[in-house]
Amino acid sequence: MDLSYSPAEEAFRQKIRKFLEENAPKKALGEMALAESKAWQRKLHEAGLLGAAWPKEHGGAGLTDMEQAILSEELTRAAAPPVPGQMGIWWVGPAILKFGTEQQKKRFVAHILSGEDIWATGYSEPNAGSDMFNTQTRAEPRDGHYVVNGQKIWTTQAHLANWFFCLVRTPVPDAKTKYDGLSVLLMDMSAPGVEVKPIRQMTGGSEFNEVFMTNVEVPMENRLGEEGEGWKIISQALINERSGIASGMRFEQSLGHLVSLARRRGKTEDPGWRQRIADLAISTQITKYSGFRSTSDAIQGRLNPHLSAAMKLYGTTLSQRFATSMSELLGPYGQLYQQHDQAPEARKVGQRLLYERSLTIAGGTSEIQKNIIAERILGLPRR
Ligand SMILES: Cc1cc2nc3c(=O)[nH]c(=O)nc-3n(C[C@H](O)[C@H](O)[C@H](O)COP(=O)(O)OP(=O)(O)OC[C@H]3O[C@@H](n4cnc5c(N)ncnc54)[C@H](O)[C@@H]3O)c2cc1C
């Protein structure tokens, strides 16, 4: 990938900058009502700026690698909020495009980009997290439907979503491997028998939930791929999820906040802090260009499990390093949850410090990413 910008690309940058100045909400995603954040997603979609890697016939933007890189830079520069349908865009849409029937593509794909449909992801269960082969939620075929019974947990956005990308176990008469019988259903969250219960987090928020399914009827035509193809689908979706989590982090913004905080706290002449900030600045550049590489892979239709594991591990650890550094700069104020005259940033830093602990767990824990890196990149023996 040639990283210098042509005049046409610079013109594209100016167009994006103007669009964002005129349209980007000046709020974080968490401060917006769902209708407001959906309207923001719709605007981006209508401007042809969502779904760079998706075919145009399904509403994709048809951007080049460089245009997508410029768009990411400008979204960061404008501090534009992310869109509410990120999970759908990062991994559900690509899975439907790859494994779905024509009917499923027509029904779901454009609605994912426009934000009409918000998706939640149902893999984890009380006894199946890293080990998804332990999935217990059952889908029994009956009269043209699957009847689904089971429980999911840690389901991000289930309270906002109207569709569920749900891993289930379908019956296999003579299962031979742990993969047999895993299947994916596209489930309407408003179907009778679906119950969502929020889980309160240590940040005070409730972004994830338990989802209980009792005799939920899912039409057979809402199975994605074949019965038993669940692991193939999910393992590819996880690659997109991990790259998505890492590339969605705006480290340049964090670096800017950290530097201005260091200035205000009189730490920019301190050799220890200078070293630490320089180190974080280098890591920020590493994640930025890895993000471009993974976007380029997505646009070219390549799946890169090695890069996504490395990016997820590195990016989520880096976000914790930023949060810890900001908290240390603030001293005792970094622990505060409420506003304080001496440290107006304290509330956000305290929240961030707690929230970012979760990121090395979501989407597969750091230990799982290390296993992938050890076995597949370094060629170490499998445990
Ligand atoms: C913020 C957040 C959002 C989430 N959103 C969703 C969501 O939308 N949908 C969803 O389905 N899930 C979601 N999850 C759940 C997440 O995917 C699981 O928590 C994660 O996969 C770990 O599973 P577990 O919690 O069952 O822990 P376990 O798998 O029981 O792991 C416990 C510990 O053992 C370690 N461990 C397990 N296996 C191995 C191994 N083979 N080698 C080395 N160490 C190992 C783990 O690293 C961990 O430290 C979310 C989690 C978080 C924190």
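Scroll up to find the structure.
### Focus: unusual backbone geometry
Part 1 of the reasoning: One non-glycine residue, A79, lies in the positive phi region at around 50°.
Part 2 of the reasoning: Taking relative accessible area as the criterion, A79 reaches 43% and is therefore assigned partly exposed.
Part 3 of the reasoning: Positive phi, close to 50°, is recorded for D143, a residue that is not glycine.

### Comments concerning the pattern of salt bridges
Part 1 of the reasoning: Inspection of the entire model under this criterion finds 20 salt bridges.
Part 2 of the reasoning: Here E22 makes a salt bridge to K18, at a shortest N to O gap of 3.1 Å. On the criterion of helical spacing, the pair formed by E22 and K18 is a turn pair, its members being four residues apart in helix α1 (residues 7-23).
Part 3 of the reasoning: A salt bridge links E73 to K288; the shortest N-O distance between them is 2.9 Å. A residue pair is termed long-range when its members are at least 10 positions apart, and E73 in helix α3 (residues 65-77) and K288 in helix α8 (residues 271-299) qualify at 215 residues. In this structure, E73 and K288 share a single accessibility class: buried.

### Here's the deal with the environment of S114
Part 1 of the reasoning: Note that S114 resides in helix α5 (residues 102-114).
Part 2 of the reasoning: Since its relative accessible area comes to 9%, S114 is described here as buried.
Part 3 of the reasoning: The spacing of S114 and A39 is 75 residues in sequence and 8.9 Å in space, taken between C-alpha atoms.
Part 4 of the reasoning: At a separation of 3.4 Å, a polar atom in the side chain of S114 contacts the main-chain carbonyl oxygen of H111.

### What to know about the environment of A80
Part 1 of the reasoning: Topologically, A80 is positioned in the loop between α3 and α4 (86-99).
Part 2 of the reasoning: Given a relative accessible area of 2%, A80 falls into the buried group.
Part 3 of the reasoning: It is 9.0 Å that separates the C-alpha atoms of A80 and L29, two residues lying 51 residues apart in sequence.
Part 4 of the reasoning: In this view, A80 contacts A24, W40, L75 and R250; residues no more than four positions away in its chain are not counted.

### What to know about the side chain of S283
Part 1 of the reasoning: Summarising the element assignment, S283 is placed in helix α8.
Part 2 of the reasoning: Not counting the four nearest positions on each side in its chain, S283 is found in contact with Y314, L318 and R321.

### Structural notes on a nonpolar patch on the surface
Part 1 of the reasoning: Among the surface-exposed residues, I282, I286 and Y314 lie close enough to one another that they form a single nonpolar patch of about 270 Å² accessible area.
Part 2 of the reasoning: Tracing the backbone shows Y314 in helix α9 (residues 305-330).

### Quick notes on the pairing of strand β4 (residues 163-169)
Part 1 of the reasoning: Counting buried positions over the seven residues of β4 gives seven, a clear majority of the element.
Part 2 of the reasoning: Residues of β4 alternate between two faces, with W163, F165, L167 and R169 on one and F164, C166 and V168 on the opposite face, all of them buried.

Cut-offs used in this document
- Counting restarts for each chain: residues are numbered from 1 in the order of the written sequence.
- For this predicted model, a pLDDT threshold of at least 70 governs which residues receive local features, and a threshold of 80 or more governs which side-chain atom pairs are given and counted, while totals over whole chains, interfaces and linings are taken from all residues.
- Water and hydrogen atoms play no part in the side-chain values, which are based on all heavy atoms of the structure.
- A 1.4 Å probe rolled over the protein chains alone gives each residue an accessible area, and that area as a share of the maximum for its type sets the label: buried under 20%, exposed over 50%, partly exposed in between.
- Here, a salt bridge means any Lys or Arg side-chain nitrogen found within 4 Å of an Asp or Glu carboxyl oxygen.
- Only DSSP runs of H or I covering at least 4 residues are called helices, and only runs of E covering at least 2 are called strands; the numbering of each starts at the N terminus.
- Whenever a nitrogen or oxygen atom comes within 3.5 Å of another N or O atom, the pair is scored as a polar contact, on the condition that within protein one atom can donate a hydrogen and the other can accept it, and that pairs from neighbouring residues in sequence are kept only if both atoms are in side chains.
- We call two residues contacting when some pair of their heavy atoms lies within 4.5 Å.
- Residues forming no salt bridge and having over 30% relative accessible area are the ones grouped into patches, like charges within 9 Å of each other and nonpolar side chains (Val, Leu, Ile, Met, Phe, Trp, Tyr) within 5 Å.
- Where accessible areas are quoted, they stem from the Shrake-Rupley method and a 1.4 Å probe; at the residue level, only the protein chains shown are allowed to cover.

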